Amino acid sequence: MSELPPLNGLRAFDAAGRRLSFRAAADELGVTQGAVAQHVRHLEAHLGVTLFDRVPKGLALTTIGRVFHARISAVFAELRAATADLKPEPDKVLISVTPTFAAKWLIPNLPRFTEAHPNIDLRIMATEKVSSFHSDGIDLAIRQGSPPFGAALQVTKLFKQELVAVAAPQLAGDGQEPLDPDILSRQPKIHDTHDLWPRYLASMGLHDAASRGLRLSQTSLAVDAAIAGQGVALVSRFLVAHDLEAGRLVEVGEAWTAGGNDFYLLMQRTAKHNGAVLDVVKWFTSHSDEGKWQPLGPESGHSTD
C-alpha cells in the first residue's frame, strides 16, 4: 500500500495550485510564504516529481502537477463540504413534504412565512418517499395518514381530509350550486393515485357513468388538469383554497370527509429545544385547521424511518 504524502504538503499544494502564488496561498492558510514553499518542496521530494514551474509572475503547474491538483482539490473540496455539513445551522430548517403539498399549499403561502420569519432558512424537500429524520437529516415532515406514528415523534394535526369535487368554471354550469349528483357522475373524472372517486360516488349511491377519465400520478397534476378544463378532480379542500378564491376552480359536488388519512406535522421530540424548528411548527399550526399550537399526546407518534 502506498504511503500517503504529508497532509501539510497536500494542503499547501492545494492552495498554491488554486492561487498560483505562494504568497496568496500563505494568506489563505494563515502561515508564512516560506512555510508554504517548504511544504511544497517536501511534497515534490516525497513524490519524486516537479509540481510547479517557478515563473517570473508566480507559479505555473506542470503537466503532471495539473493532473494531480485536479484530483487533490476535489478531495479537499469534499472534505470542506463534509465539515460544513457537521456545523450546526440554527436558522436552517429542512422540511420533507409531498410534491403536491409543496406546490399547492406551501409555496403559495411561503411569502407569509418569509414575512413572519425572515431569518429562518426554510428548505423544502419535496418527495413522495417517506423521509428519514436520521439519514436524510430532516427537521420536520408533513405526511398524510392516521396516528399512531411512533413514540419518537411529536405529532400535530394540521388539516382534515375534507374532499371536494372541483372543475374549471366552464364545466360548472352557473357555478352557484353543486351539480346534480347524476350529472356529476357523467362528467369526465380526473383520477390521482388515491383513486377516491369510486368511494365518493358510492357515498351518494352512484357510480362513475363518464365515458372517459384521466389518470395522473400526483394530486397536483390532477388539480392543474382540472384548471385546464380536462374534467372534475377530487381533492382536499385546503389544497385548492387559492384556486377556488382566484376563480380558477369552482366546487361542483358536495364536500365529503373520507375519515382518517388527515395531514400531520411530525417532529422529533429531541428537537423541542431548537428555537427555529419550533417557530416553523407554530407558524404551520397557526395557518392550519387547528389554528393554534396543539400537539397530540405521546401515544400519537410514528417514526418515518
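Look up a bit, the structure's there.
My aim in this report is to walk through the structure given alongside it, one point at a time. Nothing here was measured: the structure is a model prediction, and the numbers come from that model. (Residues numbered from 1 in each chain as written. Predicted model: local features only at pLDDT ≥ 70, side-chain atom pairs only at ≥ 80, totals over all residues. Heavy atoms only, no water.)

**A short note on the sheet that holds strand β5 (residues 140–145)**
Thinking step 1. With mixed pairing, five strands are arranged side by side in an open sheet as β4-β3-β5-β13-β6. With one partner strand each, in any of the chains shown, β4 (121–126) and β6 (153–159) form the two edges of the open sheet. Along the sheet, successive strands turn relative to each other by an average axial angle of 25 degrees, direction set aside.
Thinking step 2. The pairing of β5 with strand β13 (residues 262–268) spans six bridges and is antiparallel. Looking at the pairing, Gln144 lines up with Phe263 of β13.
Thinking step 3. Along the sheet, helix α5 (residues 99–116) makes contact with β3 (92–97), β4, β5, β6 and β13, crossing β4 at roughly 170 degrees.
Thinking step 4. Against the sheet, helix α10 (residues 275–286) engages β3, β4, β5, β6 and β13, with an angle of about 165 degrees to β13. (Pairing = 2+ DSSP bridges. Helix = DSSP H or I, 4+ residues; strand = E, 2+ residues; numbered from the N terminus. Axes fitted to C-alpha atoms, helices over the stretch in contact; angles between N-to-C directions. Contact = heavy atoms within 4.5 Å.)

**Describing the nonpolar core**
Thinking step 1. Among the nonpolar cores identified, the biggest contains 27 residues, and Phe101, Trp105, Leu140 and Phe284 are the most heavily contacted of them.
Thinking step 2. Looking at this core, the elements that each hand over two or more residues are β3, α5, β5, β6, β13 and α10.
Thinking step 3. Residues contacting Phe101, with those up to four places away along its chain left out, are Leu106, Ile142, Phe159, Phe238, Leu239, Phe263 and Phe284.
Thinking step 4. Listed in part, the 18 residues of the second largest apolar core include Leu10, Phe22, Leu61 and Phe76. (Core = buried A, V, L, I, M, F, W, Y, C linked by side-chain atoms within 4.5 Å. Buried < 20%, exposed > 50% of the residue type's maximum accessible area, 1.4 Å probe, protein only.)

**Observations regarding unusual backbone geometry**
Thinking step 1. We note that Leu20 has phi near 55 degrees; this positive angle belongs to a residue other than glycine.
Thinking step 2. A residue is classified by how much of its surface remains accessible, and Leu20, at 36% relative accessible area, is partly exposed.
Thinking step 3. A positive phi angle is found at Asp195, which is not glycine, with a value near 50 degrees.
Thinking step 4. Examined against the element boundaries, Asp195 turns out to sit in the loop between β8 (189–191) and α7 (197–202).

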